[in-house]
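Each chain, letter by letter, is given below.
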Amino acid sequence: LGEPGSGKTTIVREATRKLAESKNVVVVDTSNEIAGDGMVPHSCIGFARRMMVPSLDQQSAVMVECVQNHTPHTMVIDEIGRPKEVEAARTVKQRGVRMIASAHGDLRKLLKNKDLRGLVGGVEQVTMGDDMARQEAQRKQRLAGSDNGSEMKSFSISKTKVQRGGEPTFDVIVEVRRGARHEWKIVT
């Protein structure tokens, strides 16, 4: 995850090259940003194969076709940005294929984006019973106390909680920032 110009594609391209030295890697290249624009993929992806996507609307279908016809160990997708691609990524994972993909933003923005939050399992609001709500308020208070040293913050009891809705499509998220190329935030 990262803003435009943060180095996402460069990282994805190098990971593709390294993985392709020992695994069957296929690049689903919608904008030709990973493997270049020519008929022959650029040498920067090493032994990886490329499936060109004729139009942005067909990216999700090409992702599923890649799994069905090319049996990759790893699929590389330049950018996931639409609900059909999120669903296709979930299908790819369910079929046992690992993925490397990029998306714009950071984890906080991803969780707020209803089209993309399925990549991390989605979010749902649940209602808790009285005892659980009280325990949750106490837990938050303890955490706030350990973060702020001796300051104790008081938390009101809330009977609702937001939590992950399901299994994430991606097990690891790497956040990169523009201008901080050697600082990556890893979220598992």
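Here we summarise the structure given alongside this text. Small disclaimer: the values here were computed from a predicted structure and weren't measured.

1. Focus: a nonpolar patch on the surface
Right, on to step 1. The grouping of L111, V123 and V162 at the surface amounts to a nonpolar patch, some 220 Å² of accessible area in total.
Right, on to step 2. If you trace the backbone, L111 turns up in helix α4 (residues 107-112).

2. Overview of the pattern of salt bridges
Right, on to step 1. Enumeration according to the criterion identifies 13 salt bridges in this entry.
Right, on to step 2. Between K93 and D171 there is a salt bridge, and its shortest N-O distance comes to 3.1 Å. With K93 in helix α3 (residues 83-94) and D171 in the loop between β6 (160-164) and β7 (173-176), this pair connects stretches of sequence that are 78 residues apart.
Right, on to step 3. Assessed through its relative accessible area of 29%, K93 is described here as partly exposed.
Right, on to step 4. Between K161 and E136 there is a salt bridge whose closest N-O contact spans 3.7 Å. Of this pair, K161 sits in strand β6 while E136 is found in helix α5 (residues 130-147), placing the two residues 25 residues apart along the sequence.

3. Considering the packing of helix α2 (residues 59-70) against α3
Right, on to step 1. Where α2 contacts α3, the two axes come as close as 8 Å, and the packing angle between them is 10°. In this view, α2 runs roughly parallel relative to α3, as classed from their interaxial angle. Where α2 approaches α3, its residues Q59, S60, M63, V64 and V67 are matched on the opposing element by K84, E85, A88, A89, T91 and V92.
Right, on to step 2. Along the lines of polarity and charge, the residues of the contact of α2 with α3 split into six nonpolar, three polar and two charged.

4. Things to note about the sheet that holds strand β3 (residues 74-77)
Right, on to step 1. Spatial ordering of the open sheet is given by β2-β1-β3-β4, a layout of four strands whose pairing is parallel. Of all strands in the sheet, those bounded by a partner on one side alone are β2 (49-52) and β4 (98-101). Neighbour-to-neighbour, the strand axes of this sheet turn through a mean angle of 20°, independent of strand direction.
Right, on to step 2. Relative to β4, β3 runs parallel, the two being bridged by four bridges. Considered in β4, the bridge of M75 is made with M99.

5. Let's talk about α2
Right, on to step 1. The end-to-end C-alpha distance of α2, which contains 12 residues, comes to 16 Å, matching closely the 16 Å that a straight helix rising 1.5 Å per residue would cover.
Right, on to step 2. Among all positions of α2, only Q59, S60, V62, M63, C66 and V67 are buried.
Right, on to step 3. Among the structural elements, β1 (25-29), β2, β3 and α3 are those in contact with the buried residues of α2.
Right, on to step 4. Directly after α2, the chain includes T71, whose backbone phi takes a positive value near 35°.

6. Brief notes about the nonpolar core
Right, on to step 1. V28, M63, M75, I80 and L119 are the most contacted members of the largest nonpolar core, which has 26 residues in total.
Right, on to step 2. Of all the elements in the fold, those that place two or more residues in this core are β1, α2, β3, α3 and α4.
Right, on to step 3. What V28 contacts, discounting residues up to four positions off in sequence, is M51, V53, Q59, V62, M63, C66, M75, V76, I77 and D78.

Criteria and thresholds
- Residues numbered from 1 in each chain as written.
- Predicted model: local features only at pLDDT ≥ 70, side-chain atom pairs only at ≥ 80, totals over all residues.
- Heavy atoms only, no water.
- Patch = residues over 30% accessible without salt bridge, like charges linked within 9 Å, V, L, I, M, F, W, Y side chains within 5 Å.
- Areas by Shrake-Rupley, 256 points an atom, 1.4 Å probe, with all protein chains shown as cover.
- Salt bridge = Lys/Arg side-chain N within 4 Å of Asp/Glu carboxyl O.
- Helix = DSSP H or I, 4+ residues; strand = E, 2+ residues; numbered from the N terminus.
- Buried < 20%, exposed > 50% of the residue type's maximum accessible area, 1.4 Å probe, protein only.
- Axes fitted to C-alpha atoms, helices over the stretch in contact; angles between N-to-C directions.
- Parallel < 35°, antiparallel > 145°, perpendicular 65-115°, else oblique.
- Contact = heavy atoms within 4.5 Å.
- Nonpolar A, V, L, I, M, F, W, Y, C, P; charged D, E, K, R; others polar.
- Pairing = 2+ DSSP bridges.
- Expected span 1.5 Å × (residues − 1).
- Core = buried A, V, L, I, M, F, W, Y, C linked by side-chain atoms within 4.5 Å.

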